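Take a look at the letters that make up each chain.
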Amino acid sequence: MTDVDNGVLHTLFHSDQGGHEQVVLCQDRASGLKAVIAIHNTALGPALGGTRFYPYASEEDAVADALNLARGMSYKNAMAGLDHGGGKAVIIGDPERDKTEELLLAYGRFVASLGGRYVTACDVGTYVADMDVVARECRWTTGRSPSNGGAGDSSVLTAFGVFQGMRASAQHLWGDASLRGRKVGIAGVGKVGHHLVEHLRDEGAEVVITDVRAESVVRILDKHPTGVSAVTDTEALIRVEGLDIYAPCALGGALNDDTVPVLTAKVVCGAANNQLEHPGVEKDLADRGILYAPDYVVNAGGVIQVADELHGFDFDRCKAKAAKIFDTTLAIFARAKEDGIPPAAAADRIAEQRMHEAAAARGR
């Protein structure tokens, strides 16, 4: 058995990050598709989570990411009050170069073969138009365009939910939910981040941004000639003097042994998944007096939207559900204080309790 096999199988069967019910490796040579579908937990219902299209350095990295993301979706869906378990898929490749209609159709056939155990949607590197193609082969597809019976772009409510998490953090830390006059740093102003900028500017916050794509930064600065500034990279952003809130809105692992010690912000609340690079980072944040709003709680607006699509989408109904992220975040902070643990651990306990109760009710 190879070292790669040992690493993946150990993660799946033996580590605290494993415990997944099913992992499917998908390959279609004709289209070039190589994908991983991971189903973590279905105690609450069919697994729901997006499809990430990304040029991973190795197949092992792709599998590891799928496992981590699927596990995160179990907790996210539980905390969002949804009757869905956690799943995630990753397609290996450069979406700008490798994405084709044939590849997406092949992927849709693999998702369909699971018979509804996994419901897919958009994620990094996939968009509404892609889900329209996938849906031609798979009815368990959300995040479709309104013209194809879907709800459209889920990043709108994702950003709204993160904004509610920021307001709850401000309420908890400073006794006032208003973000007027607060300085907020956003790393990544793409699908979700640019909507978040709008909420913050409407509230009267000062915003500092960065993104690996220069055109994304230019777009924001052109629209907001005042109240928004930019720095060269994330390393500069986390060191900005007087930063009140740091919002990681790109890929995971933003909070780690290198970034936490130099972070100037008093609050971390962003849209990225899996922001904590490894267990223990949540304690490092707490030890520094930095309030962490758990990522999978505050970024649940998008999954609330795509879940609603399965029952006939209603934007106002979804926005009302996403607004409850404010109360959920406050409840997590209260539980953390009561139990004497970091907020991330408190959120995990609440989510695990809901999954355990659902499993027990089903006799599992």
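Model, not experiment: these values are computed from the prediction.

Reading the values: the criteria
- Residues numbered from 1 in each chain as written.
- Predicted model: local features only at pLDDT ≥ 70, side-chain atom pairs only at ≥ 80, totals over all residues.
- Heavy atoms only, no water.
- Helix = DSSP H or I, 4+ residues; strand = E, 2+ residues; numbered from the N terminus.
- Rg over C-alpha atoms; globule rule 2.2 N^0.38 Å.
- Buried < 20%, exposed > 50% of the residue type's maximum accessible area, 1.4 Å probe, protein only.
- Contact = heavy atoms within 4.5 Å.
- Areas by Shrake-Rupley, 256 points an atom, 1.4 Å probe, with all protein chains shown as cover.
- Lys, Arg positive; Asp, Glu negative; His and termini not counted.
- Charge placed at Lys NZ, Arg CZ, Asp CG, Glu CD.
- Salt bridge = Lys/Arg side-chain N within 4 Å of Asp/Glu carboxyl O.
- Polar contact = N/O pair within 3.5 Å; in protein donor to acceptor, adjacent residues only side chain to side chain.
- Core = buried A, V, L, I, M, F, W, Y, C linked by side-chain atoms within 4.5 Å.
- Expected span 1.5 Å × (residues − 1).
- Phe/Tyr/Trp six-rings, centres within 6.5 Å; stacked < 30°, edge-to-face > 60°.
- Lys NZ or Arg CZ within 6 Å of the ring centre and 35° of its normal.

Draft legend 1. Focus on the overall build of the protein chain. For the protein chain, the helix and strand inventory stands at 15 helices and 12 strands. The globule rule puts the C-alpha radius of gyration for 364 residues at 21 Å, and the 20 Å found for the protein chain is close to it. With the C-alpha coordinates aligned to their principal axes, the bounding extent of the protein chain is approximately 55 × 45 × 45 Å. A burial count over the protein chain gives 54% of its 364 residues as buried. In the protein chain, the share of contacts with a sequence separation of at least 24, taken over all contacts with a separation of at least 6, comes to 65%. Summed over its atoms, the accessible surface of the protein chain is roughly 15500 Å², and 49% of this surface lies on carbon and sulfur atoms. Of the charged side chains in the protein chain, 36 are positive and 49 negative; the average position of the first set lies 5 Å away from that of the second.

Draft legend 2. Representation of the pattern of salt bridges within the structure. Inspection of every chain in the model, using the stated rule, returns 21 salt bridges. One salt bridge connects aspartate 308 with lysine 321, and the closest N-O pair in it is separated by 3.9 Å. Here aspartate 308 is found in helix H12 (residues 301–309), whereas its partner lysine 321 is found in helix H13 (residues 315–323), with 13 residues between them in sequence. Of the residues examined, aspartate 308 reaches a relative accessible area of 4% and is grouped as buried. Connected through shared salt-bridge partners, Arg52, Asp65, Lys88 and Asp123 make up one network.

Draft legend 3. Inspection of the side chain of glutamate 309 at higher detail. With respect to the helices and strands, the residue glutamate 309 is situated in helix H12. A polar contact of 2.9 Å, which involves the side chain of glutamate 309, links it to the backbone nitrogen of glycine 143. Those residues in contact with glutamate 309 that sit more than four places away from it in its chain are Thr141, Thr142, Gly143, Arg144, Gly149, Gly150 and Ala151.

Draft legend 4. Seen up close, the side chain of aspartate 132. Take aspartate 132: it is sitting in helix H5 (residues 128–134). Arginine 144 is the oppositely charged side chain nearest to the buried, salt-bridge-free aspartate 132, at an N-O distance of 5.7 Å. Residues within four places of aspartate 132 in sequence aside, it is in contact with Arg144, Ser145 and Asn148.

Draft legend 5. Here's a closer look at the nonpolar core. Counting residues in hydrophobic clusters, the biggest one holds 63 residues, and the most contacted among them are Tyr107, Met166, Ile186, Leu196 and Leu200. Here this core gets six residues from one element, more than from any other, and that element is helix H4 (residues 101–112). With sequence-adjacent residues up to four places away left out, leucine 196 is seen in contact with Ala159, Val162, Phe163, Met166, Ile186, Ala247 and Cys249. Counting residues in hydrophobic clusters, the runner-up holds 18 residues, among them Val281, Leu285, Ile290 and Tyr292.

Draft legend 6. Representation of unusual backbone geometry in the model. The backbone phi angle of asparagine 274 is positive, close to 50 degrees, even though this residue is not glycine. In this structure asparagine 274 comes out as partly exposed when scored by relative accessible area, which is 27%.

Draft legend 7. How the structure looks around helix H15 (residues 343–361). Across its 19 residues, H15 extends 27 Å between first and last C-alpha, which sits within 8% of the 27 Å expected from 1.5 Å per residue. Those residues of H15 lying buried are Pro343, Ala344, Ala346, Ala347, Ala351, Met355, Ala358 and Ala359. Against the buried residues of H15 lie strand S2 (33–41), helix H2 (59–79), helix H10 (281–287), strand S12 (291–292), helix H11 (295–298) and helix H14 (325–339).

Draft legend 8. Spotlight on the packing of aromatic side chains. As enumerated under the stated definition, the model contains three aromatic pairs in all. Taken together, a centroid distance of 5.8 Å and an interplanar angle of 65 degrees make the contact between tyrosine 75 and tyrosine 296 edge-to-face. Placement of tyrosine 75 in helix H2 and of tyrosine 296 in helix H11 is noted, with a sequence separation of 221 residues between them. Their ring planes at 75 degrees and their centres at 6.4 Å tell us that phenylalanine 313 and phenylalanine 315 sit as a pair that is edge-to-face. In this structure phenylalanine 313 comes out as partly exposed when scored by relative accessible area, which is 28%. A cation sits over an aromatic face here: arginine 182 above tryptophan 174, 3.8 Å from the ring centre. Cation over ring: lysine 319 sits above phenylalanine 160, and NZ or CZ is 5.0 Å from the ring centre.

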